[in-house]
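Structure assessment
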Amino acid sequence: MAEYLDILMFAALVLAILSGFPVAFSIAGTAIVFAVLGWSLGVMNINLLGAMSQRIFGLLTNNVLIAIPLFVLMGAILEKSRIAEDMLDTMGRSFGQLRGGLGISVILVGMLLAASTGIVGATVVAMGMIALPTMLRAGYDPRVASGLVCSAGTLGQIIPPSTLLIILSDVVSNAYQQAQYEQGKFTIDTISVGQIFASALLPGLTLVGLYILYVLMRGWIRPEDMPPAPADVPRPPLAEVAQAILPAILLILAVLGAILSGIASPTEAASVGGIGAILMAAVKAGANRRFILIGVTCLIVLAIGAGVFPVRLQRSDLGLGSYMLGAGYVVMTLIGLAAIVLALRSMIAQKVLQPALNSTLTMTAMIFATILAAGIFSLVFIGLGGEERVQDLLSAMPGGATGALIFSMLFIFVLGFFLDFVEISVIVLPLVMPTLIIMGHDPVWLSVLIAINLQTSFLTPPFGFSLFYLRGAAPKEISTGQIYAGVTPFILIQIIAVTLIWFLPEIATYLPSVMF
Amino acid sequence: MQRILSVLDGISRTTGTLVRWLALAMLLAQFGIVIARYVFGYSSIAAQESVLYMHATLFMLGAGYTLLMDGHVRVDIFYDKLSVIGKNRIDLAGHLFLLMPAMIMVLYWSWPAVSNSWKILEGPISVGGIKAVFLLKTLIPAFACLVLLQSLSCVLRILFQSETRDG
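Counting restarts for each chain, with residues numbered from 1 along the sequence as it is written. Here the convention is simple: chains get letters from A, ligands get numbers from 1, in the order in which they are written. Reporting of local features is limited, given that this is a predicted model, to residues whose pLDDT is at least 70; pairs of side-chain atoms are given and counted only at 80 or more, and all residues count toward the totals for whole chains, interfaces and linings. Side-chain descriptors were evaluated using all non-hydrogen atoms of the structure, hydrogens and water having been removed beforehand.

**Quick notes on the overall build of chain A**
Helices and strands together make up the secondary structure of chain A, namely 23 helices and zero strands. Scaling as 2.2 N^0.38, a compact globule of 516 residues should have a C-alpha radius of gyration of about 24 Å, and chain A matches this with 24 Å. Expressed as lengths along the three principal axes of its C-alpha atoms, the size of chain A is roughly 70 × 70 × 45 Å. By the burial criterion, 58% of the 516 residues in chain A qualify as buried. Only DSSP runs of H or I reaching four residues or more are called helices, and only runs of E reaching two or more are called strands; each is numbered from the N terminus. The globule rule used for comparison is 2.2 Å times the number of residues to the exponent 0.38, while the radius of gyration itself is calculated over C-alpha atoms. When a residue's accessible area, from a 1.4 Å probe over protein chains only, is under 20% of the maximum for its type it is buried; when over 50% it is exposed; and in between it is partly exposed.

This is how it looks when you write it as C-alpha cells:
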C-alpha cells in the first residue's frame, strides 16, 4: 500500500473536497494526514515539510499575484454599485426589437465581468441574480435563459483580465522554466501575464462570437423561445446608453490595453481600473458629481500628458519648461486625488464601499488560502513520489506527445467536476505541464487549451460547477432538467472552440507572437 | 460558553473589519505609485514593497475572518442536501482532522524560519526595500493562529448547539 500512497492521497483529496468542508483546508488537511502516514510507513522524509515556510513565503512575496485583490476590488465595486446591473438593463433595451437582444447583452456583460472572476461560482451566482429574472420576465424560455447564464458566467474566466488567467500565467511560467532547466538550457525564457492575456483574447472573443451566433440562430429558428422587447418599451436614448455602458467598457479597454501593449504591469493597470471603478460608482451615486467629473478629466489629461510629454524629476537637466509642466501636472494630480477622496467619502457614507471591501477580503483570502494549501499538498505529493509517477505515466502514453496531451486534457476535464479552476491550476498543472512542454507543446497554446477545457468541464452535467451554482441561485420553477437542456448547445460550442484551437493554434499564439 | 464564542468570533471579526481596508489602502498606494512613475518618472522600491506587504497582510490575516463568514469556498454538491446534523458532523470532522492538524503543522514547520528571522531582524527583500521581512514572515504563524482560533469557535459552536438542542 505504501507505494501507492500518492494515488490514495489524490483520491482522498477528491473525497475530502466532495464532503463539503471548505476546500482550502480539505487540501491542506489531506496533505498533512498523508505526510504523517507516509512518514510512519517509512516512505516519506517528514523533514520535507520544512520547505513549507519557504513556499508560503514565496506566495507572500509573489509579485504577479498582487494584481488579484485589485482586480477583485474593481469587480466588486462595479457589482455593488449596480453599474453591472444597469449595463445589462440598458444594453438589453438598446437591442430593441432584435430577437435575442437581451440574451446577447447577457453574454457581453458576462464577458465584461471577467475582472471579478475569482471562482466560477461567484460570477454564475451574480449573473443568475441579475440576468435570470430579467430574461424570465421578458418571456425567455427557461432552458435558454439558464443555459445563457451558466455559460456567460463561465465566459469571464478565459477573457482577460480574469484573475484566473493571472494565476494560470504564474503556474505556466514556472512550469515552462522548470521544463527548460530539465532540458539543460542556460538562458531561461519566461512567460508574462501579458502574454497569457494576449493569447486568451482571440479564443475568448471567438467563443463570444459563437455564443452570439447561436443566440441569433436560435431566435430565428424558434422565435417563441426569446421574444423581443415589447414594442411599447422605447429604445433608451443615446445619452443613457453612453452613460451606462461606455465608461465601463472604456475602463476595461484601457486596463487591458495598458497590459497588452506592455506599458503597464497588470498590478499597475489593475490599480487604475480600481480607481476608475470608484470614480464611476461615485458619479453614478450623484454626490459632488461636477467636481468628480472635473477630477476624472484631470486624471485623463494627466494620463495622456504623461504619455506625450513626460516629466522626469530624477533627471538633473530639467529646464524651466519641464518645471512649468511639472507644476501643471502636480495641480492636476491634486485635483484628481481630491476627487478620489470625495468619491470614497460618498461611497463610505452610502455604505457601498464596505460590502465591496468585505467581498474583496473574503474572496482574496479564499483564493490565497487555496493556493497556500495547494503548495503544501504538492510538497507532500512530490515527497511521496507522485510527481515521478505522473511523468512516467505521461511518457508511457501511446501516441507520444499527442497521446499525453489528450490524456491530460481528459484528466483535467474530469477533475473539473470536483475541483475549481484555482485548485486545478495550482495542484494539477505543475505536475503535467513541464512534461507536456518538454514533449514539444507550446506553453502558451497549452494554457489556453486547458482554460477552455476547464470552462467546458464546469458546464457539463451532472457535476459541472456552473450548473450547480446556478441551481442554488435559480428560482424553484426552473427544473434541473431544464438547466441541463439549456446548457447542452453551449457545451457543443465549447467543443467546437477547443477543436478550432487544437487544429489552428494560431488563434492563441498569433497575438502574443506579434505583441511580445 | 457564549462568552468564549463571542470573544473568539470577535477576534476574527475585528481583524477582518480592520484588514479589509488594506484592500483600499493598497489600491490607493499602487495608484500613487503609478502616477509617480508614469507622470513624474519617480519610482521607489520601498513604496512598491509596501503594496506587497499590504497584499500579504490582507490575505493572511483575512483567512480567519473568511472562515467566520463561511467565505472559504465549499463544494457543496452533497453537503447542501444534508440535514443540519449531517452538516455539523462533516464540519466537526473537517475541523478536527483536517484543518487543525494542518494549521498546527504550519505553525510547527514555519517556526524555525520565523524565529531565525526575528533573531537577526531580517532586512528587506531587495535592496532599498522595507526592512521588515521578519514581520512578513510572522504573518505565517499569525495566519495559522487566527484560523485555529476561528476553527475552535466553529467546533465549540457545533458541540454547544447540539448539546442545547438535545437538552
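**Remarks on the interface of chain A and chain B**
Contacts are assigned to residue pairs with any non-hydrogen atoms lying within 4.5 Å of each other. Tallying the contact residues gives 81 residues for chain A and 65 residues for chain B. Basic side-chain nitrogens of Lys or Arg form a salt bridge, by our definition, when they fall within 4 Å of a carboxyl oxygen of Asp or Glu. Across the contact surface, chain A and chain B share one salt bridge. In the scheme used here, Gly and all other residues not listed as nonpolar or charged are polar, with Ala, Val, Leu, Ile, Met, Phe, Trp, Tyr, Cys and Pro taken as nonpolar and Asp, Glu, Lys and Arg as charged. Here the residues of the side of chain A that touches chain B are counted per class, giving 57 nonpolar, 22 polar and two charged.

**Some points on unusual backbone geometry**
Residue P161(A) follows P160(A) across a cis peptide bond; omega there is 5°. Take P161(A): it is sitting in the loop between α8 (142-155) and α9 (163-182). Even without being a glycine, D70(B) presents a positive backbone phi close to 55°. Within the secondary structure, D70(B) sits in the loop between α2 (45-68) and α3 (84-119). Residue classification places D70(B) among the partly exposed positions, given a relative accessible area of 45%. For L121(B), which is not a glycine, the phi torsion comes out positive at approximately 45°. Inspection of the secondary structure assignment puts L121(B) in the loop between α3 and α4 (133-166).

**As for helix α19 (residues 421-438) of chain A**
Note on helix geometry: an α-helix contains 3.6 residues per turn, so any two residues three or four positions apart are oriented the same way. Residues and elements named next belong to chain A. In this model, α19 (18 residues) spans 24 Å end to end at C-alpha, consistent with the 26 Å of a helix rising 1.5 Å per residue. Bend angle per residue: angle between axes fitted to the 7 residues ending at that residue and the 7 residues starting there. The axis of α19 is deflected most strongly, by about 55°, at L429, and proline P430 appears within four residues downstream. Summarising burial for α19: 16 of the 18 residues are buried, a large majority. Remark: G440 follows α19 within two positions and exhibits a positive phi of approximately 115°. Multiplying 1.5 Å by the helix residue count minus one yields the expected span of that helix.

**Quick word on the pattern of salt bridges**
By the definition in use, this model includes 14 salt bridges over all chains. Close ionic contact of K284(A) with D86(A) constitutes a salt bridge, the shortest N to O distance being 3.5 Å. With K284(A) in helix α13 (residues 266-285) and D86(A) in helix α5 (residues 83-94), the pair connects residues that are 198 residues apart, well separated along the chain. D91(B) is the salt-bridge partner of R74(B), the closest N and O atoms lying 3.1 Å from each other. Of this pair, R74(B) sits in the loop between α2 and α3 while D91(B) is found in helix α3, placing the two residues 17 residues apart along the sequence. D91(B) carries the same exposure label as R74(B), and that label is buried. One continuous salt-bridge network, built from bridges that share partners, spans R218(A), R222(A), E224(A) and D225(A).

**Considering the nonpolar core**
In terms of nonpolar packing, the biggest core is built from 246 residues, with L60(A), I77(A), M135(A), I167(A), F377(A), M60(B) and M103(B) touching the most fellow members. With 17 residues, the top contributor of residues to this core is helix α16 (residues 353-383) of chain A. With residues near it in sequence (within four places) discarded, M135(A) still touches L102(A), V106(A), Y140(A), A145(A), L148(A) and V149(A). In this text, buried Ala, Val, Leu, Ile, Met, Phe, Trp, Tyr and Cys residues form a nonpolar core when linked through side-chain atoms within 4.5 Å.

**Comments concerning the environment of A474(A)**
Relative to the assigned elements, A474(A) resides in the loop between α21 (465-473) and α22 (480-503). Taking the C-alpha atoms as reference points, A474(A) and A277(A), separated by 197 residues in sequence, lie 28 Å from one another.

**Some details on helix α1 (residues 5-18) of chain A**
Along its 14 residues, α1(A) runs 20 Å from first to last C-alpha, staying within 8% of the 20 Å computed at 1.5 Å per residue. For α1(A), the full list of buried residues reads L5(A), D6(A), M9(A), F10(A), L13(A), V14(A), A16(A), I17(A) and L18(A). Among the structural elements, α2 (23-40), α16, α17 (386-395), α18 (400-415) and α19 of chain A together with α3 of chain B are those in contact with the buried residues of α1(A). Two residues or fewer after α1(A) comes G20(A), characterised by a positive phi angle close to 100°.

**Overview of the packing of α18(A) against α19(A)**
Residues and elements named next belong to chain A. Axis definition: a line fitted to C-alpha atoms, limited for helices to the stretch in contact. Angles are taken between N-to-C directions and run from 0 to 180 degrees. The contact between α18 and α19 brings their axes to 11 Å, and the two run at 175°. Between α18 and α19, the crossing angle belongs to the class labelled roughly antiparallel. Together, A404, L405, S408, F411, I412 and L415 of α18 and I424, V428, L429, V432 and L436 of α19 make up the contact between the two elements. Grouping the amino acids of the contact of α18 with α19 by side-chain chemistry returns 10 nonpolar, one polar and no charged. Should an angle fall under 35 degrees it is taken as roughly parallel, and over 145 as roughly antiparallel, whereas 65 to 115 is taken as roughly perpendicular and any remaining angle as oblique.

**Side note on the side chain of T267(A)**
Position of T267(A) among the secondary structure elements: in helix α13. With relative accessibility at 8%, the residue T267(A) sits in the buried group. When neighbours within four sequence positions are excluded, T267(A) is seen to be in contact with N63(A), I66(A), A67(A), L70(A) and Q30(B).

**A few points about the environment of L132(A)**
Residue and element names in this part refer to chain A. Mapped onto the elements of the fold, L132 is located in helix α7 (residues 120-137). Sequence separation of L132 and P475 is 343 residues, and the distance between their C-alpha atoms is 8.9 Å. For L132, the contacting residues outside a window of four places in its chain are M127, A145, S146, V149, L470, A474, P475 and I478.

**Some points on the packing of helix α10 (residues 193-221) of chain A against helix α23 (residues 506-515) of chain A**
All names here are of chain A. Axis separation between α10 and α23 bottoms out at 7 Å; the angle between their running directions is 140°. Looking at the two axes, α10 sits oblique to α23. With respect to the hand of their crossing, α10 and α23 are arranged in right-handed fashion. Listed contacts from α23 to Q195, A198, S199, L201, L202, P203 and T206 of α10 are I507, A508, L511, P512 and M515. Helix crossings get a hand from a simple test, with the near helix turned counterclockwise from the far one by less than a right angle marking a left-handed crossing and a clockwise turn marking a right-handed one.

Without other data, these values stay purely geometric and don't point to any function.
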